[in-house]
Amino acid sequence: MKTDVIVVGGGLGGLTCARDLARAGTDVVVVEARSRVGGRVEGMKFDDGRVLQMGGEIVGTVHHGYLELAAELGLTIVPSYTDEPGMYGYDMLEGAHLGEDWLTEADLASFARLDEELLKIAATVDPADPWSHPDAARLDRLSVGALIRSLDPTWMAYRLFEAGALSAAHGTLERGSVLAWARAAAGVGGVLNTDYSQWENLKVQGGSSVLVDTLEAELAGRIRFNAPVASIHVGAPCTVTLISGEVLQADAVVCALPVGPLRRVGITGLSTARLQSLHRQRQALASKAVTVFDEPVWRRVGWNGLAVSEHQIGGFWIQGESALSSLLGPEKRGYIDAAPPGTLTQSLLESLERLCGGPVDAKAVLWRHWGTDPYTLGYVALWEPGDLTAVGPLHGTHEPPFYVAGSDHWSAGYMEGAVRTGRDAARAILGQPRPSLYVES
Ligand SMILES: Cc1cc2nc3c(=O)[nH]c(=O)nc-3n(C[C@H](O)[C@H](O)[C@H](O)COP(=O)(O)OP(=O)(O)OC[C@H]3O[C@@H](n4cnc5c(N)ncnc54)[C@H](O)[C@@H]3O)c2cc1C
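Since the model is a prediction, treat every value here as computed from it, not as a measurement. (Residues numbered from 1 in each chain as written. Predicted model: local features only at pLDDT ≥ 70, side-chain atom pairs only at ≥ 80, totals over all residues. Heavy atoms only, no water.)

Attention shifts here to the overall build of the chain. Within the chain one finds 15 helices and 21 strands. Oriented by its inertia axes, the alpha-carbon framework of the chain measures out at about 65 × 55 × 40 Å. Scored against the burial criterion, the 441 residues of the chain give a buried share of 59%. Residue pairs at least 24 apart in sequence account for 73% of intrachain contacts in the chain once pairs closer than 6 positions are excluded. Taken as two groups, the 36 positive and 52 negative side-chain charges of the chain have centres that lie 5 Å from each other. (Helix = DSSP H or I, 4+ residues; strand = E, 2+ residues; numbered from the N terminus. Buried < 20%, exposed > 50% of the residue type's maximum accessible area, 1.4 Å probe, protein only. Contact = heavy atoms within 4.5 Å. Lys, Arg positive; Asp, Glu negative; His and termini not counted. Charge placed at Lys NZ, Arg CZ, Asp CG, Glu CD.)

Structure representation (structure tokens):
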């Protein structure tokens, strides 16, 4: 079988790319390992019929690529959890708090100082080329933790910074490169991804899986399901060999795999430098939990459903009228492996009880362990100190007839990255003008 283009991986990046190609009249096929598309965007039907988002869920006003695509698909965008009134939750080791009364003026001032410092650095970083920054090597080696300590924060502020990083499932502050954090902010016009009011204030009505369902419907007949790819050869023609042994041919290949599974696919015909760059990237290994209730229990105590936690579960945010989402990140991976069955869920419920000041009657706690799923092996891109330098300027670029798409090829991961890179790969193949991946539209 021969087509113009084979897109390997039917996540948001691959589907977005394939849609643009198909609409331009290209003969394109998407080859997907699983029996479903969407990858890290997954809607799961609960007993009572509601669809819960087990992966990517929320976007923000700075995510122009995603919002533009949603509008093209005729989808409605609605406010997310940031619209919920109430107090922020802090599930600290000594006990839980709602609101900021227990923090000092000095603690609060420490937060503002870090944001200011990171934004100051972000203003000097070109997100398309952070490597050319005059101080790139030092800023990439510098951990966010070291930067915060240099600003002389209070002890409690430092603990909260750390809890916040772990709640986002990115790893500790020592695992974050300052240059990478600054690049992520610069990539959306100078807004830190800790600014939830701009990064996380919106979602697709019905859940993010609705967008994937809509793309899938548009690509009907062009998707090969249950077709894990074993190897790719880049040449004329390109060949894609499935685990089953079947060989597909095309003039071009779009690799839209997360970086973990990508390392397991044999790739020949590419420059050594590109392969090294692709193989050098990493992801945070994370799990997600969704806790389902009959009613929004957080409202009983005036909690807005958003919390950081120093305990086993990272934190909470509202997914819907009666469901809370949580993340558990790479630093706690060992805890999952060591825990007897049920312990993780018990820890999560204990956190909730501390925040709600009493028993919470959860109908279910659903877990999705993305870090060990063979077709994801991660969560979002993780840039440890030194990683940006090691991956280098080939990041997010193409080597025709080999193209890349997917959130790992953008500065900060996320659904926005999947859409922007998917569209960029399609434009490159079609020979159309390509705005920078980081220019605001
Ligand atoms: C728990 C969790 C919460 C998240 N929350 C948010 C959020 O709220 N907002 C946000 O913007 N982003 C969020 N993200 C990130 C976002 O979901 C992803 O960045 C984005 O969906 C990735 O899309 P992608 O197409 O790059 O990769 P993927 O979605 O991972 O797609 C890759 C595809 O490749 C397939 N594949 C893998 N190996 C093979 C193979 N050998 N052969 C063929 N196919 C293969 C996979 O099955 C998959 O379908 C979250 C992610 C997770 C896991």
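Secondary-structure assignment places Asn304 in strand E16 (residues 303-309). Among the residues examined, Asn304 registers a relative accessible area of 11% and is labelled buried. Looking at Asn304, its side chain comes within polar contact range of the main-chain nitrogen of Leu306, at 2.9 Å. Asn304 has contacts with Glu84, Pro85, Gly86, Met87, Tyr88, Trp298 and Ile318, leaving out every residue within four places of it along the chain. (Polar contact = N/O pair within 3.5 Å; in protein donor to acceptor, adjacent residues only side chain to side chain.)

So, about the domain arrangement of the chain. Examined at the domain level, the chain breaks down into domain 1 (2-59 + 207-281 + 385-430), domain 2 (85-102 + 285-379) and domain 3 (103-199). For domain 1 versus domain 2, the distance between C-alpha centres works out to 31 Å. On the domain 2 side, the residues contacting the 22 residues of domain 1 number 22 residues. Together, the buried faces of domain 1 and domain 2 total about 1,800 Å²; carbon and sulfur atoms form 57% of this surface. (Domains from an automatic or database assignment. Buried area = accessible area lost by both parts, 1.4 Å probe.)

Our next topic: the environment of Leu211. Along the chain, Leu211 turns up in helix H9 (residues 209-218). With 93 residues separating them along the chain, Leu211 and Asn304 place their C-alpha atoms 27 Å apart. Each residue touching Leu211, except ones within four places of it in the same chain, is listed here: Leu12, Tyr66, Leu69, Ala70, Leu73, Leu75 and Val204.

Let us look at the packing of helix H3 (residues 105-122) against helix H6 (residues 155-167). Helix packing for two helices is described by the angle between their axes and how far apart those axes are. In the contact formed by H3 and H6, the axes pass within 8 Å of each other and the chain directions differ by 55°. Classified by the angle between their axes, H3 and H6 sit oblique to one another. Relative to H6, the crossing made by H3 is right-handed. Taking contact as the criterion, the partners of Asp107, Ser110, Phe111 and Leu114 in H3 are, on H6, Met156, Ala157, Leu160 and Phe161. The class makeup of the residues in the contact of H3 with H6 is six nonpolar, one polar and one charged. (Axes fitted to C-alpha atoms, helices over the stretch in contact; angles between N-to-C directions. Parallel < 35°, antiparallel > 145°, perpendicular 65-115°, else oblique. Left-handed = near helix turned anticlockwise from the far one by under 90°. Nonpolar A, V, L, I, M, F, W, Y, C, P; charged D, E, K, R; others polar.)

This part covers the sheet that holds strand E17 (residues 315-320). Taken in spatial order, the seven strands line up as E7-E6-E16-E17-E18-E15-E19 in an open sheet, and their pairing is mixed. Strands with a single pairing partner mark the edges of an open sheet, and in this sheet they are strand E7 (95-98) and strand E19 (364-369). On average, each strand axis in the sheet is inclined to that of its neighbour by 25°, with strand direction left out of account. Taken together, the four bridges between strand E6 (residues 87-92) and E16 define a ladder with parallel strand orientation. Along E16, the bridge assignment pairs Met87 with Trp303. (Pairing = 2+ DSSP bridges.)

Applying the stated criterion across every chain yields a total of three cavities of 30 Å³ or more. A volume near 200 Å³ is recorded for the largest cavity. Lining the largest cavity are 18 residues, with His170, Trp181, Asn193, Ala381 and Trp383 sitting closest to its centre. Among the secondary structure elements, those contributing two or more residues to the lining of the largest cavity are helix H7 (178-186) and strand E20 (381-382). Ranked by residues supplied to the lining of the largest cavity, first place goes to H7 with three residues. Its residues assigned to classes, the lining of the largest cavity shows eleven nonpolar, six polar and one charged. (1 Å grid on protein atoms, 1.4 Å probe; cavity = no way out; pocket = protein on both sides within 12 Å on 5 of 7 lines; lining within 4 Å. Points joined across faces, edges and corners; volume = space filled by probe spheres on them.)

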